Amino acid sequence: MQVVGTKDIFTDPEDYQLVADAKKDKPEDHEFSYTEHDIILYNLGVSTTAKDLQWTYESQEEFAALPTFGVIPQFTASSGISLGWLPNFNPVKLLHGEQYLAIKSPIPTEGHFIDETRLSEVLDKGKAASVTTIVYMTHYRSLP
């Protein structure tokens, strides 16, 4: 792994030159903002009820975002990686295989974030490929 700037380039000596070049590309950072209202809507959308005040009432002392909310802010950033460099790439055949989320601190109930996306790994599967990306989400500032 090689560190360039603030984020990593995931180098692998076994990468094809095409993949090594794609890993050096830095997609544009994405900004994402949300408010307590968005947290409440998300929490209600994943089966909390109005009786669950910790998840649905912003004046509740323990008001919080459900941990699964952490996957929401990265969606626009992860779709920002171009896969056009892949030979014969057809976005209609794209399959989202899995997702992993590491929560390093409590999720703020509102804020403005910067998402930085990096290409981590590409595995040749013969007629297909497995592509792994990483999104680093940093808390930029609280909303006014």
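Everything quoted here is computed from the prediction, not taken from an experiment.

Caption draft 1: Broad picture of the overall build of the chain. Summing up its helical and strand segments, the chain has 4 helices and 5 strands in all. Ordered by position in the sequence, the α and β elements of the chain form the string β-β-α-β-α-α-α-β-β. Taken against the 2.2 N^0.38 rule, which gives 15 Å for 144 residues, the C-alpha radius of gyration of the chain at 18 Å runs more than 25% over that of a compact globule. Its C-alpha atoms give the chain principal-axis dimensions of roughly 55 × 35 × 20 Å. Counting over 144 residues, the chain shows a buried share of 28%. The contacts of the chain with a sequence gap of at least 6 include a subset with a gap of at least 24, amounting to 63%. When the accessible surface of the chain is summed, it comes to about 9,900 Å², and 54% of that surface belongs to carbon and sulfur atoms.

Caption draft 2: Representation of the packing of aromatic side chains. Per the counting criterion, the structure on display carries 4 aromatic pairs. Measuring from ring centre to ring centre gives 5.4 Å for Tyr34 and Phe113, while their planes differ by 5 degrees; the resulting arrangement is stacked. Linking Tyr34 in strand β3 (residues 30-34) with Phe113 in strand β4 (residues 111-124), this pair joins segments that are 79 residues apart in sequence. By the burial criterion, Tyr34 is buried, and Phe113 matches it. Grouping aromatic residues by their ring pairs yields a cluster made of Phe32, Tyr34, Tyr42, Phe69 and Phe113.

Caption draft 3: Representation of the nonpolar core within the structure. Listed in full, the 10 residues of the largest apolar core are Phe32, Tyr34, Ile39, Ile40, Tyr42, Phe63, Ala65, Leu66, Phe69 and Phe113. Of all the elements in the fold, those that place two or more residues in this core are β3 and α2 (36-45). By size, the runner-up hydrophobic cluster in this structure holds 7 residues, among which are Val19, Ile81, Leu83 and Val122.

Caption draft 4: Broad picture of the side chain of Glu116. Within the fold, Glu116 resides in strand β4. We classify Glu116 as buried; its relative accessible area is 10%.

Caption draft 5: Molecular detail of unusual backbone geometry. Positive phi values are uncommon outside glycine, yet Ser47 reaches one of about 90 degrees. Here Ser47 shows up in the loop between α2 and α3 (53-56). Its relative accessible area of 65% is what places Ser47 among the exposed residues. In the Ramachandran plot, Asn88 falls in the positive-phi region, its phi being about 60 degrees despite a non-glycine side chain.

Caption draft 6: Looking closely at the pattern of salt bridges. Here the structure, examined in full by the defined rule, presents 3 salt bridges. Where Arg118 meets Glu116, a salt bridge forms, and the shortest distance between an N and an O atom there is 3.5 Å.

Caption draft 7: Seen up close, the environment of Leu94. Positionally, Leu94 belongs in the loop between α4 (75-78) and β4. The exposed category is assigned to Leu94, whose relative accessible area is 56%. Residues Leu94 and Ser79 lie 15 residues apart in sequence; the distance between their C-alpha atoms is 11 Å. The contact partners of Leu94, leaving out residues within four places of it in the chain, are Leu83 and Phe89.

Caption draft 8: Layout of the environment of Lys93. Looking at the element boundaries, Lys93 is found in the loop between α4 and β4. Since its relative accessible area comes to 70%, Lys93 is described here as exposed. Remark: the alpha-carbon pair of Lys93 and Ala128, spanning 35 residues in sequence, is separated by 9.6 Å.

The rules we used
- Residues numbered from 1 in each chain as written.
- Predicted model: local features only at pLDDT ≥ 70, side-chain atom pairs only at ≥ 80, totals over all residues.
- Heavy atoms only, no water.
- Helix = DSSP H or I, 4+ residues; strand = E, 2+ residues; numbered from the N terminus.
- Rg over C-alpha atoms; globule rule 2.2 N^0.38 Å.
- Buried < 20%, exposed > 50% of the residue type's maximum accessible area, 1.4 Å probe, protein only.
- Contact = heavy atoms within 4.5 Å.
- Areas by Shrake-Rupley, 256 points an atom, 1.4 Å probe, with all protein chains shown as cover.
- Phe/Tyr/Trp six-rings, centres within 6.5 Å; stacked < 30°, edge-to-face > 60°.
- Core = buried A, V, L, I, M, F, W, Y, C linked by side-chain atoms within 4.5 Å.
- Salt bridge = Lys/Arg side-chain N within 4 Å of Asp/Glu carboxyl O.

Remember, this is a structural readout, not a statement about activity or role.
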